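Residue-level structural notes
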There are 2 protein chains.
Amino acid sequence: MAGLGSMAEESSKTATLRSVGEFSFINLVEARARAFYRDDVVVGIGDDTAVLHFNDREFLLLTCDGQIEDTHFLCQLTDPFSLGRRLVNVNASDIAAMGGKLRWAVIAVNVPPDTEVAWLEKFFDGLLWQLEQYGACLVGGNCSKATGKLVFDLTVAGTVLKDLLVTRKGAQPGDLLAVTGTLGRAKAGLEIIKAPHCFQDMPQDVIENLIAAYRVGGARVELGAKIASVGLARSMIDVSDGLLQDASHLCGDDLDVVIDAARVPVNPGCVMVAERSGEDGLWWGLAGGEDYELLFSVPPEKVNLLDSIHSATGVPVTVVGRFCEGKGRVLLEREGKIETVKQGGWQHF
Amino acid sequence: MAGLGSMAEESSKTATLRSVGEFSFINLVEARARAFYRDDVVVGIGDDTAVLHFNDREFLLLTCDGQIEDTHFLCQLTDPFSLGRRLVNVNASDIAAMGGKLRWAVIAVNVPPDTEVAWLEKFFDGLLWQLEQYGACLVGGNCSKATGKLVFDLTVAGTVLKDLLVTRKGAQPGDLLAVTGTLGRAKAGLEIIKAPHCFQDMPQDVIENLIAAYRVGGARVELGAKIASVGLARSMIDVSDGLLQDASHLCGDDLDVVIDAARVPVNPGCVMVAERSGEDGLWWGLAGGEDYELLFSVPPEKVNLLDSIHSATGVPVTVVGRFCEGKGRVLLEREGKIETVKQGGWQHF
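In this convention, every chain numbers its residues from 1, walking through the sequence in written order. All chains are assigned letters beginning at A, and all ligands numbers beginning at 1, according to the order in which they are written. Predicted model: local features are reported for residues with pLDDT of at least 70 only, side-chain atom pairs are reported and counted for 80 or more only, and whole-chain, interface and lining totals are derived from all residues. Calculated side-chain values reflect all of the structure's heavy atoms, with hydrogen atoms and water omitted.

1. Brief notes about the overall build of chain A
Numbered from the N terminus, helices here are DSSP runs of H or I no shorter than four residues, and strands are runs of E no shorter than two. Summing up its helical and strand segments, chain A has 12 helices and 13 strands in all. Atoms counted for the radius of gyration: C-alpha only. Globule rule: 2.2 Å times residue count to the power 0.38. For a compact globule of 349 residues, the expected C-alpha radius of gyration is about 20 Å, and chain A comes in at 20 Å, within 12% of that figure. Taking the principal axes of the C-alpha coordinates as reference, chain A spans close to 55 × 55 × 50 Å. Classification of residues uses two cut-offs on accessible area relative to the type maximum, computed with a 1.4 Å probe and protein chains only: under 20% is buried, over 50% is exposed, and between them is partly exposed. A total of 349 residues make up chain A; the buried ones form 60% of that total. Taking the contacts inside chain A whose residues are at least 6 apart along the sequence as the reference set, 81% of them involve residues at least 24 apart. Of the accessible surface of chain A, which amounts to about 13600 Å², a share of 48% is contributed by carbon and sulfur atoms. One finds the centroid of the 32 positive side-chain charges in chain A at a distance of 2 Å from the centroid of its 47 negative side-chain charges. Any pair of residues with heavy atoms lying within 4.5 Å of one another is described as a contacting pair. Calculation of accessible area relied on Shrake-Rupley with a 1.4 Å probe; when residues are assessed, cover is drawn exclusively from the protein chains displayed. For this count, His and the chain ends are skipped, Lys and Arg are scored as positive, and Asp and Glu as negative. Charge positions come from single atoms, namely NZ of Lys, CZ of Arg, CG of Asp or CD of Glu.

Dropping the structure here:
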């Protein structure tokens, strides 16, 4: 029973997802699935996407992610076009984190019979539009009657040139930790949506930017491919569960990463929203989640390439920390002191 | 608004999935998605699986299907190991219908937090075991918190040699309609599960066979590949929604198919269960659904190959009808009279 650690046999019989947590459960499935892997599986469960032998030049990438009503979205707080875009983006971000290119998608639509066709049309318009932005298309799917909530699961297939593949593994002691864009936007957007009257005197473009970050998400597909093509990243992941949690996935068991709090690129709009809410903007940047930026380890000799990436794409890329030998911990350096941070970030169960 | 036919603009605004039906909705999505297809899409939405340019020798096949609590299964009427197997089989059957081979799968697991890990372990044991039977493995997935029912969506990627691809299109007037195995098993199995006391004096092996057909399903993967490899089928589909409904998908717009009622291979166990239930066994065979047998069109000059397929595999293959010029209708010939049958078969909405 890999992944359930030291749980006694008896307690494991009554364990639930809530009691063991999402990651223990995934570890457990991974251990079982691994026994069946063949030579054509390059990377299986445990990274952003599966990497498979495809043809001589490219690997096939396969990933799935979903949007569930009341878990990932509330119908009254989003519109179907944005939701369709978001479903593509949460998957596209995983392809981006491998340096890959999106190609095809299939969708599972699980919805109650009284779902309005007009709503679904707008959802598909958003989904198809967003796929097209990434050069991909919808080629199949399945439609089932659900008795409860709306559940949409999308699977995206992509490709990456064999030489350019980047995975979660590979960071080395001394590597720098870099992140694209700014953090905390989606968290701030959700706060605005929940209590718009508290923020109505903020600049309208800032408000719209933050709300879009929450509703639509985004994915650094082009940037991910660019980072991979210049060999800048030794390992990479997307920031979906929050910087602290996702950084830990780059550490493996034998590295620590020290994040310099002063350098974390918290989005200025996020800082404004957090201040008005009496909350800590830095914490939202560290643990807010759903930012879909890229987080990667950079060999120190390549740090000068970061500026050229910024110049070429217009997207800021910030060094926020460094890796050192350790045991998989994420440490936060704040005003000269290093704190061990309790893992904060999105966990489903 | 392709697929919604002659609906007035006004009524389409309030149309629901229930009012337009599953297939109209799929047509609508297909029409929108098709506009974005690129050259690498050989077959998109509308067939059993998507067919994509993969490498010089093979096409990539991509399909997804799910199992939703209270729609496809009831927890009290199935066990998790069987359910895991069934989730693989419903997808494998779609790969089989193209003459393909299963390679990889990714799963979306949407479950409430109080789901027992032990139950999920058995589910994954069944899923992994069944994938292994087809030479495939689980390489990724996603786990999300659902607030309502259990929803499992599996996406399977497969391959097929370019020369051997079989799709739903291609039947010609004069072709024969053939089906593998026997029909009505799953429907009969469900009846037994719902009222076991009514059937307890039936032979135990018959009861078990029918119940397994309902709980586990099956997929004619090896047989599909065999049929494709000898060039026996001009077009093919799997029987998931019932013989009548699936046969109509092989007709297109310009063929009819006449099914000879006397030749439909209704499973003998199904006939027994239907008789005791005061129902028509033939109707269960024609419309019961979830049989996961293969249904295909055979050029008349190749009909002698059917016997050799039977001899080589032990699976009966039966000619049940013939195609003629027409307009997409399924006709039933019974005691010398030809009836137009109302489309009977599983529709979700």
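2. Regarding the sheet that holds strand β3 (residues 58-68) of chain A
Residues and elements named next belong to chain A. Strand order across the open sheet formed by six strands is β1-β2-β3-β6-β4-β5, with mixed pairing between neighbours. Each edge of the open sheet is held by one strand with a lone partner, namely β1 (41-43) and β5 (137-145). Across this sheet, the average inter-strand angle for adjacent strands is 20 degrees, counted without regard to direction. Across two bridges, the pairing between β1 and strand β2 (residues 50-53) is antiparallel. Bridge pairing links Val 41 to Leu 52 in β2. Any two strands with at least two DSSP-identified bridges between them are counted as paired. The angle between two axes is taken between their N-to-C directions and runs from 0 to 180 degrees, where each axis is a line fitted to C-alpha atoms and a helix contributes only its stretch in contact.

3. So, the side chain of B:Thr49
Position of B:Thr49 among the secondary structure elements: in the loop between β1 (41-43) and β2 (50-53). Excluding its chain neighbours within four sequence positions, the residues that come into contact with B:Thr49 are B:Val43, B:Leu61, B:Leu62, B:Thr63, B:Asp94, B:Ile95 and B:Met98.

4. Some remarks on the relation of the copies chain B and chain A
Here chain B sits on chain A after a turn of 180 degrees about the axis and a move of 0.0 Å along it, with an RMSD of 0.0 Å. Taken together, the turn and the small shift mark the pair as related by a two-fold rotation axis. A share of 100% of the interface residues of chain B reappears at the interface of chain A, consistent with the copies meeting face to face through the same patch. Superposing the copies works by least squares over the C-alpha atoms of residues that have pLDDT at least 70 in both of them.

5. Things to note about the UniProt feature "binding site: Mg(2+) 5" (unreviewed entry) in chain A
All names here are of chain A. UniProt positions are given in the numbering used here, feature names are shortened, and annotations may be inferred rather than shown by experiment. In the numbering adopted here, UniProt assigns the feature "binding site: Mg(2+) 5" (unreviewed entry) to Asp 241. If you trace the backbone, Asp 241 turns up in the loop between β8 (235-238) and α9 (243-251). Two N or O atoms form a polar contact when they lie within 3.5 Å of each other; inside protein one atom must be a possible hydrogen donor and the other a possible acceptor, and for residues adjacent in sequence the pair counts only when both atoms belong to side chains. In terms of polar contacts, Asp 241 uses its side chain to reach the side chain of Gln 245, at 3.3 Å.

6. With respect to the packing of aromatic side chains
Each pair of aromatic rings taken from Phe, Tyr and Trp, with Trp reduced to its six-membered ring, is defined by centres within 6.5 Å and is described as stacked if the planes are under 30 degrees apart, edge-to-face if over 60, and tilted in the remaining cases. Evaluation of the coordinates by the stated rule reveals 13 aromatic pairs over all chains. Plain terms: the ring middles of B:Trp119 and B:Phe152 are 6.2 Å apart, the flat faces sit at 20 degrees to each other, and that makes the pair stacked. Of this pair, B:Trp119 sits in helix α5 (residues 117-133) while B:Phe152 sits in strand β6 (residues 151-161), placing them 33 residues apart in sequence. Residue B:Phe152 is classed as buried on the basis of its relative accessible area, which comes to 0%. Three or more aromatic residues link up through ring pairs in this structure, and these residues are A:Phe25, B:Trp119, B:Phe123, B:Phe124 and B:Phe152. Whether a charge sits over a ring depends on NZ of Lys or CZ of Arg being within 6 Å of the ring centre and within 35 degrees of the ring normal. B:Arg86 extends its terminal NZ or CZ atom over the ring of B:Tyr214, reaching a point 5.6 Å from the ring centre. Positioned above the aromatic ring of B:Trp284, the side-chain terminus of B:Lys187 is 5.3 Å from the ring centre.

7. Considerations on the UniProt feature "binding site: Mg(2+) 4" (unreviewed entry) in chain A
Residues and elements named next belong to chain A. The sites that UniProt annotates as "binding site: Mg(2+) 4" (unreviewed entry) are Asp 48, Thr 63 and Asp 94. A compact arrangement is adopted by the annotated residues: their sequence extent is 47 residues, whereas the largest C-alpha distance between any two is 7.2 Å. Accessibility expressed as a relative area gives 8% for Asp 48, which makes it buried. Residue position: Thr 63 is located in strand β3. Sequence-distant contacts of Thr 63, that is, excluding residues within four places in its chain, are made with Asp 48, Thr 49, Asn 91, Asp 94, Ile 95, Leu 154, Thr 155 and Val 156. There is a polar contact of 3.1 Å between the side chain of Thr 63 and the backbone oxygen of Asp 48.

8. Observations regarding the domain arrangement of chain A
Residue and element names in this part refer to chain A. Domain limits in this description derive from either an automatic procedure or a database domain assignment. Structurally, chain A comprises domain 1 (1-36), domain 2 (45-164) and domain 3 (176-340). On a C-alpha basis, the centroid separation for the pair domain 2 and domain 3 is 23 Å. Across the boundary between the two partners, domain 2 contributes 21 residues, which contact 19 residues of domain 3. Buried surface at the junction of domain 2 and domain 3, summed over both partners, amounts to about 1700 Å²; 55% is from carbon and sulfur atoms. Broken down residue by residue, the surface that domain 2 buries against domain 3 is led by Leu 77, Arg 86 and Ser 93, which jointly contribute 32%. Here the quantity called buried area is the total loss of accessible area, with a 1.4 Å probe, experienced by two parts when brought into contact, counted for both.

9. Details of the state of the cysteines
Note on terminology: pairs of cysteine sulfur atoms within 2.5 Å are recorded as disulfides. For the structure on display, the rule yields zero disulfides over all chains. With no disulfide of its own, A:Cys64 has B:Cys64 as its nearest cysteine by sulfur position, at a separation of 9.8 Å. For A:Cys198, which is in no disulfide, the shortest distance to another cysteine sulfur is to A:Cys270 and amounts to 16 Å. By relative accessible area, A:Cys198 is classed as partly exposed at 39%.

10. A short note on the interface of chain B and chain A
Taken together, the 77 residues of chain B in the interface contact 77 residues of chain A. Both sides of the chain B and chain A interface together cover about 6600 Å² of buried area, and 65% of this is carbon and sulfur. A carboxyl oxygen of Asp or Glu within 4 Å of a side-chain nitrogen of Lys or Arg is what we treat as a salt bridge. Across the contact surface, chain B and chain A share eight salt bridges. The interface formed by chain B and chain A includes 29 residue pairs in polar contact (both at pLDDT 80 or more). It is strand β5 (residues 137-145) of chain B that contributes the most residues to the side of chain B that touches chain A, nine residues altogether.

11. As for the pattern of salt bridges
Taken as a whole, this structure holds 34 salt bridges over all chains when the rule is applied. Of the charged contacts, one joins B:Arg32 and A:Glu121 as a salt bridge, the two residues approaching to 2.6 Å between their closest N and O atoms. Of this pair, B:Arg32 sits in helix α3 (residues 22-34) while A:Glu121 is found in helix α5 (residues 117-133), placing the two residues in two different chains. Given the relative accessible area of 23%, B:Arg32 is considered partly exposed. You can call A:Glu121 buried: its relative accessible area is 7%. Here A:Arg234 makes a salt bridge to A:Asp175, at a shortest N to O gap of 2.6 Å. Here A:Asp175 lies in the loop between β6 (151-161) and β7 (176-180) and A:Arg234 lies in the loop between α8 (221-229) and β8, a separation of 59 residues in the sequence. With relative accessibility at 29%, the residue A:Arg234 sits in the partly exposed group.

12. Notes on the sheet that holds strand β11 (residues 317-325) of chain B
Residues and elements named next belong to chain B. Judged by pairing direction, the sheet is mixed, and its seven strands sit side by side in the order β8-β10-β7-β11-β9-β12-β13 without closing on themselves. The sheet is open, and its two borders are formed by β8 (235-238) and β13 (337-340), each paired with just one other strand. Ignoring strand direction, the axes of neighbouring strands in this sheet form an average angle of 30 degrees. Examined bridge by bridge, β8 and strand β10 (residues 294-298) share four bridges and lie antiparallel to one another. What sits directly across from Met 236, in β10, is Phe 296. With respect to the sheet, helix α8 (residues 221-229) is in contact with β7 (176-180), β8 and β10, its orientation differing from that of β10 by roughly 10 degrees. Its contacts with the sheet place helix α12 (residues 305-313) against β7, β10 and β11, and it is angled at close to 150 degrees to β11.

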